[in-house]
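# Chains, contacts and geometry: an overview
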Amino acid sequence: MEIADRRVATIHFTLLDQQGGQVTTTHGHDPLVYVHGTGGIVRGLEAALAGKKAGDQFEVEIAPEQGFGKRHDGLVQTLPRSMLGAGDAPRVGARLKAQTARGPLDVVVTAVDGDTITVDGNHPLAGSPFRARVEVIDVRLATPDEIQFGIA
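No experiment lies behind these values; they were computed from the predicted model shown. (Residues numbered from 1 in each chain as written. Predicted model: local features only at pLDDT ≥ 70, side-chain atom pairs only at ≥ 80, totals over all residues. Heavy atoms only, no water.)

For the rest of this paragraph, the subject is the pairing of strand E7 (residues 103–113). Sheet analysis places strand E6 (residues 95–100) next to E7, joined by six bridges and oriented antiparallel. If you follow Lys97 over to E7, its bridge partner there is Asp106. Between the end of E6 and the start of E7, which pair antiparallel, lie two residues. Hairpin connection from E7 to strand E8 (residues 116–120): two residues lie between these consecutive antiparallel strands, with Gly114 at a positive phi of about 60°. (Pairing = 2+ DSSP bridges. Helix = DSSP H or I, 4+ residues; strand = E, 2+ residues; numbered from the N terminus.)

Further remarks concern the packing of aromatic side chains. The description of an aromatic ring pair uses the distance of the two centres, along with the angle that the planes make with each other. All chains considered together, the criterion is met by one aromatic pair. Ring plane angle 40° and centroid distance 5.3 Å describe the contact between Phe68 and Phe130, whose orientation is recorded as tilted. Of this pair, Phe68 sits in the loop between strand E4 (57–62) and strand E5 (76–80) while Phe130 sits in strand E9 (residues 130–141), and the two are 62 residues apart along the sequence. Here Phe130 falls in the buried class, since its relative accessible area comes to 2%. The lysine or arginine in question, Lys52, covers the ring of Phe58, its NZ or CZ lying 4.8 Å from the ring centre. (Phe/Tyr/Trp six-rings, centres within 6.5 Å; stacked < 30°, edge-to-face > 60°. Buried < 20%, exposed > 50% of the residue type's maximum accessible area, 1.4 Å probe, protein only. Lys NZ or Arg CZ within 6 Å of the ring centre and 35° of its normal.)

Here we come to the nonpolar core. Counting 20 residues, the largest nonpolar core has Leu45, Leu49 and Val134 as its most contacted members. Taken together, the elements giving at least two residues each to this core come down to strand E1 (7–16), helix H1 (43–49), E4 and E9. Per-element accounting of this core gives the leading share, five residues, to E9. For Val134, the residues in contact, after removing those within four places along its chain, are Ile11, His12, Phe13, Leu45, Leu49, Asp56, Gln57 and Phe58. Counting five residues, the second-largest nonpolar core is a separate cluster that includes Ala94, Val107, Val109 and Val119. (Core = buried A, V, L, I, M, F, W, Y, C linked by side-chain atoms within 4.5 Å. Contact = heavy atoms within 4.5 Å.)

Across the sheet, which stays open at both edges, the four strands sit in the order E5-E8-E7-E6 with antiparallel pairing between neighbours. At either margin of the open sheet sits one strand with a lone partner, and together these are E5 and E6. Ignoring which end each strand starts from, the neighbouring axes of this sheet average 45° apart. Inspection of the sheet shows E5 paired to E8 by five bridges, in the antiparallel sense. (Axes fitted to C-alpha atoms, helices over the stretch in contact; angles between N-to-C directions.)

Attention now moves to the pattern of salt bridges. Across all of its chains, the model carries six salt bridges by this definition. The shortest N-O distance in the salt bridge between Arg71 and Asp120 comes to 2.7 Å. Note that Arg71 is positioned in the loop between E4 and E5 and Asp120 in strand E8, a separation of 49 residues in sequence. Residue Arg71 is classed as partly exposed on the basis of its relative accessible area, which comes to 39%. Between Arg140 and Glu146 there is a salt bridge, with its nearest N and O atoms 2.8 Å apart. (Salt bridge = Lys/Arg side-chain N within 4 Å of Asp/Glu carboxyl O.)

Time to look at the side chain of Asn122. With respect to the helices and strands, the residue Asn122 is situated in the loop between E8 and E9. Accessibility expressed as a relative area gives 9% for Asn122, which makes it buried. Reaching out from Asn122, the side chain makes a polar contact with the backbone nitrogen of His72 at a distance of 2.9 Å. If we ignore the near neighbours within four places in the chain, the residues touching Asn122 are Lys70, Arg71, His72, Leu75 and Val76. (Polar contact = N/O pair within 3.5 Å; in protein donor to acceptor, adjacent residues only side chain to side chain.)

See the structure below:
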């Protein structure tokens, strides 16, 4: 069975930045399970998966417009360290959960300078093309609930 709209695909993937460095992977973890055609994964990867079947392995380059979009300077902010509370000292690379007017946002600490920290809410691959190495594990028909809610 081929991956197509309203079918559930199970995949393993590794995302690589422009220099070939690994950004994230499902290997060593549970594979990704998604309903194809619902926008649950980035557009470029979803398009590359269409027509693939269990056992297929491939690598694809995804442009920013089809991936994680462009970088937004407004998602980079310098804040007083006191906003973090009395926990551990922040360190570069630490992931934090910020509360915004639009809801929670995962941010990464990019700088610690005296009484301030700089955080970035952009996806690490925003504004950049990336490569995806993909292995299709399984393809099946979606249940009515999966189709209605778009989740597997």
